[in-house]
Amino acid sequence: MTSYAVINPATGETVKTYNTISDADLTAAITTADDAHTWSRSISVEERAALVRRVAELHVERRQELADIIVREMGKPVEQALGEVDFSADIYAYYADNAVELLKDETISLLAGEGSALIRRSSLGVLLGIMPWNFPYYQVARFAGPNLIIGNTILLKHAEQCPESSAAIAQIMLDAGFPVGAYTNLYASHDQISTVIADKRVQGVSLTGSERAGAAIAEIAGRNLKKVVLELGGSDPFILLSTDDLDETVGAAVAARLDNNGQACNAAKRFIVIEELYQPFLDKFTAAINAVELGDPTKDGTGLGPLSSKKATETLTEQVARAVAQGATLVTGGTSEGNFYAGTVLTDVSPGSDAFHEEFFGPVAQIFSVPDEAAAVALANNTPFGLGSYVFTTDPEQALRVADGIEAGMVFINLVGADGAELPFGGVKRSGSGRELGRFGADEFVNKKMIRIG
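Definitions and cut-offs
Residues numbered from 1 in each chain as written. Predicted model: local features only at pLDDT ≥ 70, side-chain atom pairs only at ≥ 80, totals over all residues. Heavy atoms only, no water. UniProt positions renumbered as here; feature names shortened; annotations may be inferred. Axes fitted to C-alpha atoms, helices over the stretch in contact; angles between N-to-C directions. Helix = DSSP H or I, 4+ residues; strand = E, 2+ residues; numbered from the N terminus. Parallel < 35°, antiparallel > 145°, perpendicular 65-115°, else oblique. Left-handed = near helix turned anticlockwise from the far one by under 90°. Contact = heavy atoms within 4.5 Å. Nonpolar A, V, L, I, M, F, W, Y, C, P; charged D, E, K, R; others polar. Buried < 20%, exposed > 50% of the residue type's maximum accessible area, 1.4 Å probe, protein only. Right-handed = clockwise from strand over helix to strand, strands pointing away. Pairing = 2+ DSSP bridges. Salt bridge = Lys/Arg side-chain N within 4 Å of Asp/Glu carboxyl O.

Under an unreviewed UniProt entry, the name given to the protein is NAD-dependent succinate-semialdehyde dehydrogenase, and the source organism is Cryobacterium flavum. Taken directly from UniProt, the Sequence similarities (unreviewed entry) text for the protein runs: "Belongs to the aldehyde dehydrogenase family."

Caption draft 1: Representation of the packing of helix α4 (residues 78–103) against helix α5 (residues 138–150). Remark: α4 packs on α5, axes separated minimally by 9 Å, with the N-to-C direction vectors making an angle of 20°. Taken together, the axis directions place α4 and α5 in an arrangement best described as roughly parallel. When the axes of α4 and α5 are compared, the crossing they make is right-handed. From α4, Glu84, Phe87, Ser88, Ile91, Tyr92, Tyr95, Ala96, Ala99, Leu102 and Leu103 reach across to α5, where they touch Tyr138, Val140, Ala141, Arg142, Ala144, Gly145, Pro146, Ile149 and Ile150. Residues that form the contact of α4 with α5 fall into these classes: 15 nonpolar, two polar and two charged.

Caption draft 2: Local environment of the pairing of strand β5 (residues 126–130). For β5, a buried count of five out of five residues is recorded, marking the element as mostly surrounded by other parts of the structure. Here β5 shows a buried face lined by Val126, Leu128 and Ile130 and a second buried face lined by Leu127 and Gly129. One crossover worth recording links β5 to the parallel strand β6 (residues 153–157) by way of α5, and it is right-handed. Bridging between β5 and strand β8 (residues 202–208) involves five bridges; their strand directions are parallel. Among the inter-strand pairings, Val126 is bridged to a residue of β8, identified as Val202.

Caption draft 3: Main features of the sheet that holds strand β10 (residues 236–240). Overall, mixed pairing links the seven strands, which are arranged β12-β15-β16-β11-β10-β17-β18 in an open sheet. For this open sheet the edge positions go to β12 (329–332) and β18 (412–413), each flanked by a neighbour on one side alone. Of the pairings in the sheet, the one linking strand β15 (residues 344–347) to strand β16 (residues 364–370) comprises three bridges and is parallel in character. Bridged to Val345 within β16 is Ala365. Here helix α10 (residues 275–291) sits on the sheet and contacts β10, β11 (268–274), β12, β15 and β16; the angle it forms with β11, its principal contact strand, is near 145°. Contacting β10, β11 and β16, helix α13 (residues 373–381) crosses the sheet at an angle of about 165° to β11.

Caption draft 4: Focus on the pattern of salt bridges. Counted according to the given criterion, the structure contains 25 salt bridges. We note a salt bridge from Arg72 to Glu164, for which the minimum N-O separation is 2.7 Å. Taken together, the positions of Arg72 in helix α3 (residues 63–74) and Glu164 in helix α6 (residues 163–176) put the pair 92 residues apart, joining distant regions of the chain. For Glu106, the salt bridge goes to Arg121, with nearest N and O atoms at 3.2 Å. A residue pair is termed long-range when its members are at least 10 positions apart, and Glu106 in strand β3 (residues 106–108) and Arg121 in strand β4 (residues 116–122) qualify at 15 residues. When its relative accessible area of 39% is taken as the criterion, Glu106 is described as partly exposed. One salt-bridge network, in which partners are shared between bridges, spans Glu318, Arg322, Asp354 and Glu358.

Printed below as a string of structure tokens:
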């Protein structure tokens, strides 16, 4: 039985526990969601957009309350928590503002014959979203925003440690004017999720989570012939080939590694530095990461809070110890107090070690030296993942050349933290399939119906 509970990672206190949904109530929830799809198809795109716009407004109105919840649930520093709420509001607003344009008919130019042809986009029906704990509001907004304007209805299973934030989102949907069933929060077990996916009324599933979870859900979805979108792990490279301001570049690198206490799938995790800059970068990066103090996530100015749970701390501790045992050099960090894990730097991580191919979900940076651009790209691509990447260079032509060579779904050139509601998010290889955000996020769970007129 899955246990839903708010356990404050900063203190270890169990704040509140929640009951898992019964099988009977789960069946009823699917029925209600299916019924609500009839309602959503009966109203216009503009009317659905107005409801989603109100969802955005309610996130802004309740931003402090929402932020405080996820500080309790998963230890996100409060300033970052407020930023997440704001970004989530921006995503809902983007889809509300662009709903008509995203869903308008698309004319097809005929190669032969009389008449015309077009693509008309319409909803599929009930969708299941399975969301992780690291960005409790943002992950839901990426999935719910586009699908609510399309007219799909949503069953949402959030992470077991995020029951309070998931309930807050469901309440916002109701308060915005969506009827019961348009968006339903499920405290469901893993076994129950298999039942939901198998239900013939459920048309697709979107999961953000680990490789293991993605493989399990994709297997169930495939067995039941259901569309699936997966956003999984990442070990994103940060390539530094040249810079006019090393201090500024180091600042960007540290920010890209430590955001969300180092627990972001698209965080920079492997720093690949041209050899003439390697030692000064390593020295400055190490000093900068040591200067970021662990602190109370409820306090303004905290740069690094606790990891999300005791299990997360144990996993990261074991990974770092194993990396060192297999030959890596621990430059700094590698220590913890409770769930507070110090910023950590590893060098000499060899291709034959586990660490070379693993994702480290916490404030751990691996730093590598390379002789040239070709070696940097080869090292960047020597990973099972392909989510995001970062390229820093003063040469614009080199920047685009390297971007073309990187096997990833996203490349950011000379900047970090530049995600936007309008920018598609997703990866290749073992980082998943499909896209969220931007126009592509509104094109996943939609019937692109071809209409040919004679």
